[in-house]
Each structure stands twice: as structure tokens, then as C-alpha cells.
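# Coordinates in review
The chain contents come next:
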Amino acid sequence: MFKIRQRNCMLIVTALVLAPCIVILMVMAPELSTEQSLTQRLAECHMRLQYLESMYRARQEDVALLSQYLGQLQAGNGSAASPSPPPPLPVANLLDGLSPEARQLLRNASHAAKGGGWNGTMARGQNIRLPNAYHFLPHLLDDAGSLRPAYLQSKGRTDISIVLGVPTVHREKQSYLLGTLHNLIENMNEEEQNETLIIVYIGETDIEAVQLIARQIETSFEQHVESGLIDIIAPAPSYYPNFERLRITLNDPLERVKWRSKQNLDFAYLMAYAHSKGTFYVQLEDDILTKRQFITTMKKFALIKSALTKPDQPAWFVLDFCQLGFIGKMFKSAELPYLITYFQMFYNDKPVDWLLTYFIESKVCRTDKDQKHCNQEKAKYWQHFRKSLFQHIGTSSSLKGKVQKLKDKQFGSKVPQYYAHTHNPPALVKSNIAPYKNYLLKRAYRGESYFWGLLPQPGDLVQFVFEQPTLLRRYLFRSGNSEHPSDRFYNTTVELLPADTLSENSSVWSNYNTTTDGYLVVGSFDHLGVAEGLLDPKIGAIKELRLHVHSDSENWALLSEIELQELTADGKSEANLAKPRFVAGS
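Going along each chain's sequence as written, the residues are numbered from 1 onward. Whole-chain, interface and lining totals are the exception, using all residues; otherwise, since this is a predicted model, local features are given only for residues with pLDDT of at least 70 and side-chain atom pairs are given and counted only at 80 or more. Values shown for side chains rest on all heavy atoms present in the structure; no hydrogens or waters enter the calculation.

Going by an unreviewed UniProt entry, the chain carries the name Alpha-1,3-mannosyl-glycoprotein 4-beta-N-acetylglucosaminyltransferase B and comes from Drosophila pseudoobscura pseudoobscura. UniProt positions are given in the numbering used here, feature names are shortened, and annotations may be inferred rather than shown by experiment. UniProt annotates the chain under Pathway (unreviewed entry) with the comment "Protein modification; protein glycosylation."

## Description of the overall build of the chain
By definition, any uninterrupted DSSP run of H or I lasting at least four residues is a helix, any uninterrupted run of E lasting at least two residues is a strand, and each is numbered from the N terminus. Each helix and strand counted, the chain has 15 helices and 22 strands in total. Per-residue accessibility, obtained with a 1.4 Å probe over protein chains only, is compared with the maximum for each type, and a residue is labelled buried under 20%, exposed over 50%, and partly exposed between these values. For the chain, the proportion of its 586 residues judged to be buried stands at 47%. Total accessible area on the chain stands at roughly 31,300 Å², and carbon and sulfur atoms take up 55% of it. Here the accessible surface of atoms and residues is derived via Shrake-Rupley with a 1.4 Å probe, and residues count as covered only by protein chains that are part of the display.

## Section: the packing of helix α5 (residues 177-186) against helix α7 (residues 207-220)
Between N-to-C directions, angles span 0 to 180 degrees; the directions come from axes that are lines fitted to C-alpha atoms, helices contributing only their stretch in contact. Where α5 meets α7, the axes come as close as 11 Å, and the angle between the chain directions of the two elements is 35°. The two elements α5 and α7 meet at a crossing, and its hand is right-handed. Contacts between α5 and α7 involve Leu177, Leu178 and Leu181 from the first element and Ile213, Gln216, Ile217 and Ser220 from the second. Left-handed describes a crossing in which the near helix is turned anticlockwise from the far one by less than a right angle; the clockwise case is right-handed. In this description, contact between two residues means that some pair of their heavy atoms is separated by no more than 4.5 Å.

## Considering the packing of helix α9 (residues 254-274) against helix α11 (residues 336-346)
Contact geometry for α9 and α11: axes closest at 9 Å, N-to-C directions at 155°. One element, α9, and the other, α11, form an angle in the roughly antiparallel class. In this structure, α9 crosses over α11, and the sense of that crossing is left-handed. Residues Asn264, Phe267, Ala268, Met271 and Ala272 of α9 lie in contact with α11, whose contacting residues are Leu336, Leu339, Ile340, Phe343, Gln344 and Phe346. Each residue is assigned to one class: nonpolar for Ala, Val, Leu, Ile, Met, Phe, Trp, Tyr, Cys and Pro, charged for Asp, Glu, Lys and Arg, and polar for all the others, Gly among them. The class makeup of the residues in the contact of α9 with α11 is 9 nonpolar, 2 polar and no charged. An angle below 35 degrees is read as roughly parallel, one above 145 as roughly antiparallel, one from 65 to 115 as roughly perpendicular, and any other as oblique.

## What to know about the pattern of salt bridges
Salt-bridge detection follows one rule: a side-chain nitrogen of Lys or Arg within 4 Å of a carboxyl oxygen of Asp or Glu. One pass over the structure, following the stated rule, counts 20 salt bridges. Where salt bridges share partners, they join Arg171, Asp286 and Asp287 into one cluster.

## Some points on the pairing of strand β3 (residues 196-202)
Two faces belong to every sheet, and in a regular strand the side chains alternate between them. With 7 of its 7 residues buried, β3 lies for the most part within the structure. Burial along β3 is two-sided: the residues Thr196, Ile198, Val200 and Ile202 and Leu197, Ile199 and Tyr201 are all buried. At least two bridges found by DSSP between two strands is the condition for calling them paired. In terms of strand pairing, β3 meets strand β4 (residues 230-234) through 4 bridges, oriented parallel. Bridging across to β4, Val200 finds its partner in Ile232.

## Quick look at the sheet that holds strand β16 (residues 492-498)
Two modes of strand pairing occur in sheets, parallel and antiparallel, and in both the strands are linked by backbone hydrogen bonds. Read across the sheet, 6 strands follow the order β12-β14-β20-β16-β18-β17 without closing on themselves; strand pairing throughout is antiparallel. A strand with exactly one partner marks an edge of an open sheet, and here the two such strands are β12 (427-431) and β17 (513-514). Note: β12 against strand β14 (residues 461-470), 5 bridges, orientation antiparallel. By the bridge assignment for β14, Val429 is matched with Phe464.

## Let's talk about helix α13 (residues 371-381)
Taken residue by residue, α13 has Cys374, Glu377, Lys378 and Tyr381 as its buried positions. Down the axis of α13, the buried side of the element spans an arc of 105°, and every buried residue falls inside it. Residues of α13 that are buried sit in contact with β7 (318-320), α12 (352-364) and β9 (382-384). This arc is built from the directions going out from the helix axis to the C-beta atoms.

## Considerations on the nonpolar core
Judged by nonpolar contacts, the single largest core of 48 residues is most densely connected at Leu164, Ile198, Ile217, Ile230, Met298, Met330 and Phe390. Secondary structure elements with two or more residues in this core: α1 (2-77), β2 (160-168), α5, β3, α7, β4, β5 (278-283) and α10 (294-308). For this core, the element with the most residues is α10, which contributes 6 residues. A domain assignment, automatic or from a database, supplies the domain bounds used here. The residue makeup of this core includes at least three contributed by each of domain 1 (138-392) and domain 2 (427-566). When near neighbours in sequence (up to four residues on either side) are disregarded, Met330 contacts Ile162, Phe280, Tyr281, Val282, Met298, Ala302, Trp316, Phe317, Val318, Leu319 and Phe321. Each nonpolar core is a collection of buried residues, namely Ala, Val, Leu, Ile, Met, Phe, Trp, Tyr and Cys, held together in the definition by side-chain atoms within 4.5 Å. Formed by 41 residues, the second largest nonpolar core is a distinct cluster that contains Leu137, Leu246, Phe326 and Trp382.

In C-alpha cells:
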């Protein structure tokens, strides 16, 4: 009896102690949440302030350059009174350093000066000139337009949160660019798209190659180019030095020295263009995949890290969202000029990812300390996100002969290789494209794998002959996948054979072209390797649907998604409207 009383007393005491604690936690929880939100808002305001300060410094540079220019004009006007005036500075090159707004103001001021003349006297002493891009890249002085883009497609989007830099070049074997852009945009929601700018930098000197890549982007992503989400820029050929005259460094072959030196200059140019566009800048490559809402994840992480930085602690310089190379590295746009200058100084000496490492080490590492201490200090400036947000998918490098098979193990689960649909209507499937190993068409149709066939030839067919005449509402065929993005169907049409003969007066004949053997041509594969569309109900039941190849292909053909949605008697789709399963392997 005594033990029961003792136990009851203990329970009462415990309840009396815990009850106030629970009440306090319930009251404090909203306050803690509010405090965290306010802290992040303060961090965001701090980042915005840094960005605005960098823009203010840019205007200060304009004022300094204008002062030098006006001094030169005064010196020129007074040259008659002075037997040996100081040599003038290169005015054209000086003006190239001005922002477009400042150049317009200068043109207006010069016009007014010519009309009214100059009064008074000015000191003829020249300011000391600090080193700039022309000192590190003297070849830029050979052409007044060396820093003027040879190609620029932009709607002028600026003052946004995150700028994504995507450098690209023409690749001999296979290009991943369109797939990368599609993946980036697909993994942003509308709000993220509105606070993001994607800059595609085309590092080619052949204007025809530049225009070809630009047209592909503008055609495939017309909506996003028009909305201002995508900018396209290419440098003037004179921006690059004579790569044949580079110094051989690190005992590398000349071709490798040329490749990495050009990459350094490409990054510097891209960063310089991006510097004034947004608060944060993220360096990417043209052969990557990412995850859903990666923009929100990166921005939140940056603001949290900024908010948690105490006054007596160093602020982060780079946030790392991928373990490979220079992919997924975030910087504050206000601090990009440091990197740009560093890349210009040492572009001939080291690869770009090495330069980033040495830049951080030169900021924090001491000669009287060991490597362990250096790594600890570097970790304060170079901070890593717990899981990688980007995965490298390319295998063919832009350096001829180089194969790049690196994968980021921190990215998580394998990237889906096919999209499984298990409710396609019963059909006999066949093709005269020879399959590779066990990547059979019938398995792809059942949602068990993907179809992977050897080099398609003109006239090759992929056929789906339905067991019973079938009413179809929609079709979707997706070719290529993350491991083989270029193994797509090119110049291939989607054709179908109605089960019943259509009357001569049917409106279907005016909506679709027909083949010589009586098939209706209802669609074709686009630049991204996708063919999809809705079918006119007036076509009626369908006996067969097929893919018809019209030209040779340099690549194999891979179907990673096959979806045929049936139409019921009441006009609604069948169960295969359900979302597909994303499968990593076959």
C-alpha cells in the first residue's frame, strides 16, 4: 500500500514539474520561430546591402574614370601653351571601363563641352594608374572592342537573388547543354524562376558556331528567353590571347595548357557580366543534373550561414553545393571582382579549380602553421552543404580526347534512367532497330527498363500494334537519359493507322499529313528528344502507332519513356494518367 502511495506521489510531482515546462515550450516555440525568421531576414538584408555597396563602388569607378578623361581633354586643350605636355592616356581604352550609363552621360557632356568651350585652368598632373585587366591581358589593347560581346541576347533582368553561370562550347561528340537547361528550369517553381537568371556563356570565336548554339537555345526555350530567365552571351574573338604563344606550365601538353587557360578566361568574363545582375552567383557547367527546389535550398543555406556568422568570425567566401571541380560553387556577387582579377593574373598557370583553392589559402593559411591548421581555417571560408545538389553527367570533355566519368557520391540516389508506365494498352511491339543486350522494346513498353537500340537508319520503325482497336487521348515518347543524353531520336515522326477508314470529308485530313501507305503523321521529336501531343478524337480507334526514322544517326537510340493514354467512352483518360515511377536502373 505504501509503495502504491509513493508511486502516485511521484507521478503527481512529475506532472507538476513537466506541466510548466510544456506550457513554456508552447509559448516560446512561436517566438523562437519568429526569431529565426527575423534572423534570416536580417541576413538577407545584409547580403542585399553588400550587393548595393558593390554597385555604388562601380559608380565610383565611373566617376574616377570620367575625372581622368576630363583631365586628358584639358591637357589636350592646353597643349599649345605647354611645349612638352604629358603623353595622353589611351582614351578609347579608358572609356571601355565605363558602364553604359556613364558612357551616355559622357557623350552628352562632350557635346556640351564642344559647344561652350572650357573656362579656367586645371592641374596637369596625372593620377597614379592602378593595374587593371589591360595589364594582365595586354592583348585586349589591340582591339577597342575586345571586351564588347560578339553576341548578346538579354531582356535586361537584374536585381535578382541568384545568378547561374553556365559556360558552354561546341562539343565534337555530344552536347549536354539543352538537357542541362531543361533540367535546371524543370526543377524550379515559378517563384524561383522569377528570382533567378541563367546566363549561358558560349566560349566560341566562330560566330556561326555561336549563332547555331544560340538558335538552339532560343528555339527550345523561347518562353524563358522572352521572360528574361535566360541570357546568352559570347565574347569577341579578340578577348582571347594567341593561345599558341602561352607558356608551358605544370609540364602539361600545349593543348591542355590552352584548354585550361581558356577556361579561366571564360569564367572571368562570365563572372564579370554576372557581377551586377544579382546578390549571389553560382558557377555551373553544361553537363549536370540538379534536384527539386535547388534555388530555394541554396538561398536558404546562404542566408542561414550569413546570419550565424558572429562579428568576430570571418564571413564565408564560397558555399559548396557539389564536391566536383568548380560545379555548384556559390559566391557573393559583391566579391566576384577578387576572383575575376585572380583568374586574369594566373590564367596561364593553373586550372580554375586549383586557382580557387590557392586563392582561399592565400587569404587564411600561414607559413608558420601546418597543413592541418590551414585546412581548419579554409573550412571557415569554404563551407559545404551536407548533400550535393548537382551531379555531373557528361563523359565527353570539351578537351579533345579527355574522358570525364567523375560522379558526386554526395548527390544521393542514382539519377532516374527511365520513367515507368505500367498501364499502356495491350499491344504487340516490334522494331527493326537492333536492341543492345537486354534493353528490349517490350520491356520498355511494360515499364521494366528502357529501350536502347543500335544506330538507327532511314526507314527504321518502332511499332506498337494494338491487340484491339484503341482510342488514344495522348502520346508521350522521351528519348535519351542522364547517362546517355545524346542517344535520342532525331528526324523521327510519330505516325498512326486508324482502325476504320476515314470519310473523304473528315476534318482529320486537313489537320494531319499522310504517308504513302496511309498513316497519319501526328507529331515528331523535338530538340530535346521528346515527342508528345493530344490526338483528335475524330480519328477514332487506332490500329497501330509507330515511330518512323527518316535519316542516319551518329548515335544510338534510347527510349526512356513510353506513355499512351487511352480515352474511355465518356471522354476521360484511363488510369495511366497516374504519375510515372522514376527508376534508377533496369
